[in-house]
Amino acid sequence: MKPENTDTFLSVIEANKGIIYKVANAWCQDADDKKDLVQEIILQIWRSFDKYNKQYQYSTWIYRIALNVSISFFRKENNRKTVRTADAGMVVDFSDTAYDTETEHKLNLLQQFIAQLKEIDKALMLLYLEEKSHKEMAEITGLSETNVATRISRIKTILKQKFSTIEN
Amino acid sequence: MEEAQILQLWKLYDAKVEQSLSINKKLLKDSLERKAASALRSLKPVRWTGIIVGVLWCLAIGVIVVSSWGFTTIYFKASLIINFIITAIAIGLYIYHLVLLHQFDNSQQVVEAQQKLVQLQESNLRTLGILLLQLPVYSTWFITDEWIQNSPSTFWGIQMPIVLIQTWIGIWLFRNLNYKNYNKKWFQWFVSKGEFGRIQKAMNFLKEVEEIS
């Protein structure tokens, strides 16, 4: 990659770091796995960066990579140890700030709900929460808009039920 | 909790992530350069080595068959020619595999990328299955008419069963070495844990997609 592209790459990562983190957070509960996944997603973005298609927004393009990497993410135990030793310093750091207790509780519930979903539903749920249109969701996942709409409506119903059960 | 409230909750989380997440650019740059180099080192060269060794092997077989044509047995010629053809097909598949590797792009639509990932590994397995088909030729190239005539008991009683067993194993593996059998233990033995884990996840995803289509 050319040096000027490296700078562009770093600013794209900076601007879209939230997407990468949120996807990794939905796929991995273990903090170390999460860090590994974040780094793997960034590595794959870097490797695809020269092939970036300007037809898409950076966020759409990054969602595709982040979801593709997360869906097939599998870290062997021995690889894990090697990677951690090599990257002693942390590339991505998340310094947690607290909410009020109720928000924290609701957010935990929402994240638990997302973590329990099947892969495809998890991807759609994230995109729905990001308020992507059905068209954008279809563009990212490769599903038809009709399939996206049906699936989203089903997930929303389950989500509402889940929250209402807890609140009652 | 209403839909709007859930979306609002997510927005709060989003703001928190944006606020609390920081990236060490210097460390990221160093880490990426190191990792990308090692990832490339491990993938394509394995295929290139297979292609180069395969081509050299085919050349050697070709030279041996042609130069010894007048004084070798039909069993020898047939065994080496079969070996040559199967190795040549495997080289072709390895080249196809390199093309797939080159074309693989993580920024494709999710369904398409996961399908290609499975296709890539299936092509790898197909190559292994084809190579295993040549198993019996390693027990047939030294057969002679004299052996069959002078020692029929060792030939039909020992050699022929070995050839038949190898043929059966080769054909059985060729037919069964595919991801339809991914939940069987013998199959998992053939595929590395990491590779298997990734493919299993990609296949589970595609199964979910099929269910909703």
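### Re the overall build of chain B
If you tally the helices and strands in chain B, you get 8 helices and 1 strand. Within the span of chain B, comprising 213 residues, buried residues form 42% of the whole. Residue pairs at least 24 apart in sequence account for 66% of intrachain contacts in chain B once pairs closer than 6 positions are excluded. With an accessible surface of roughly 11900 Å², chain B has 66% of that area assigned to carbon and sulfur atoms.

### Points about helix 5 (residues 101–116) of chain A
Residues and elements named next belong to chain A. The end-to-end C-alpha distance of helix 5 is 23 Å, a good match for the 22 Å that 16 residues give at a rise of 1.5 Å each. Among the residues making up helix 5, those that are buried are Thr103, Lys106, Leu107, Leu109, Leu110, Phe113 and Ile114. The arc that holds every buried residue of helix 5, seen down its axis, measures 155 degrees, which confines them to one face. Along helix 5, exposed side chains directed more than 90 degrees from the buried face belong to Thr101 and Gln116.

### Overview of the packing of aromatic side chains
This structure, assessed with the given rule, holds 15 aromatic pairs over all chains. Between Phe9 of chain A and Phe49 of chain A the ring centres are 5.4 Å apart and the planes differ by 80 degrees, which places this aromatic pair in the edge-to-face class. Residue Phe9 of chain A is located in helix 1 (residues 3–27), and its partner Phe49 of chain A is located in the loop between helix 2 (31–48) and helix 3 (58–71); the two are separated by 40 residues in the primary sequence. Of the two residues examined, Phe9 of chain A and Phe49 of chain A, each falls in the buried class. By the ring-pair criterion, three or more aromatic residues cluster together here, those being Phe76, Trp141, Phe142, Trp147, Phe155 and Trp156 of chain B. Geometry around Trp27 of chain A places Lys122 of chain A over its ring, the cationic atom sitting 5.0 Å from the centre. Sitting over the ring of Trp69 of chain B, Lys77 of chain B keeps its end group 4.9 Å from the ring centre.

### Concerning the confidence of the model for chain A
Residue and element names in this part refer to chain A. Scored by pLDDT, chain A has a mean of 83; 82% of the residues are at 70 or more. The least confident element of chain A is helix 4 (residues 77–86), whose mean pLDDT is 48; the most confident is helix 7 (residues 134–141), at 94. Predicted confidence for residues 81–89 stays below pLDDT 50, and this span has 12 contacts to residues more than four positions away or in other chains.

### Some points on the pattern of salt bridges
The tally for this structure, following the rule as stated, stands at 10 salt bridges over all chains. The shortest N-O distance in the salt bridge between Arg151 of chain A and Asp121 of chain A comes to 2.6 Å. Residue Arg151 of chain A is located in helix 8 (residues 145–167), and its partner Asp121 of chain A is located in helix 6 (residues 119–129); the two are separated by 30 residues in the primary sequence. Taken as a pair, Arg151 of chain A and Asp121 of chain A share a single burial class, namely buried. Residue Lys11 of chain B pairs with Glu131 of chain A through a salt bridge whose shortest N-O separation is 3.1 Å. Residue Lys11 of chain B is found in helix 1 (residues 3–20), and its partner Glu131 of chain A is found in the loop between helix 6 and helix 7; the two belong to separate chains. The network of salt bridges with common partners includes Lys22 and Glu130 of chain A together with Asp14 of chain B.

About the cut-offs
Residues numbered from 1 in each chain as written. Chains lettered and ligands numbered in written order. Predicted model: local features only at pLDDT ≥ 70, side-chain atom pairs only at ≥ 80, totals over all residues. Heavy atoms only, no water. Helix = DSSP H or I, 4+ residues; strand = E, 2+ residues; numbered from the N terminus. Buried < 20%, exposed > 50% of the residue type's maximum accessible area, 1.4 Å probe, protein only. Contact = heavy atoms within 4.5 Å. Areas by Shrake-Rupley, 256 points an atom, 1.4 Å probe, with all protein chains shown as cover. Expected span 1.5 Å × (residues − 1). Arc of directions from axis to C-beta. Phe/Tyr/Trp six-rings, centres within 6.5 Å; stacked < 30°, edge-to-face > 60°. Lys NZ or Arg CZ within 6 Å of the ring centre and 35° of its normal. pLDDT = per-residue confidence, 0-100. Salt bridge = Lys/Arg side-chain N within 4 Å of Asp/Glu carboxyl O.

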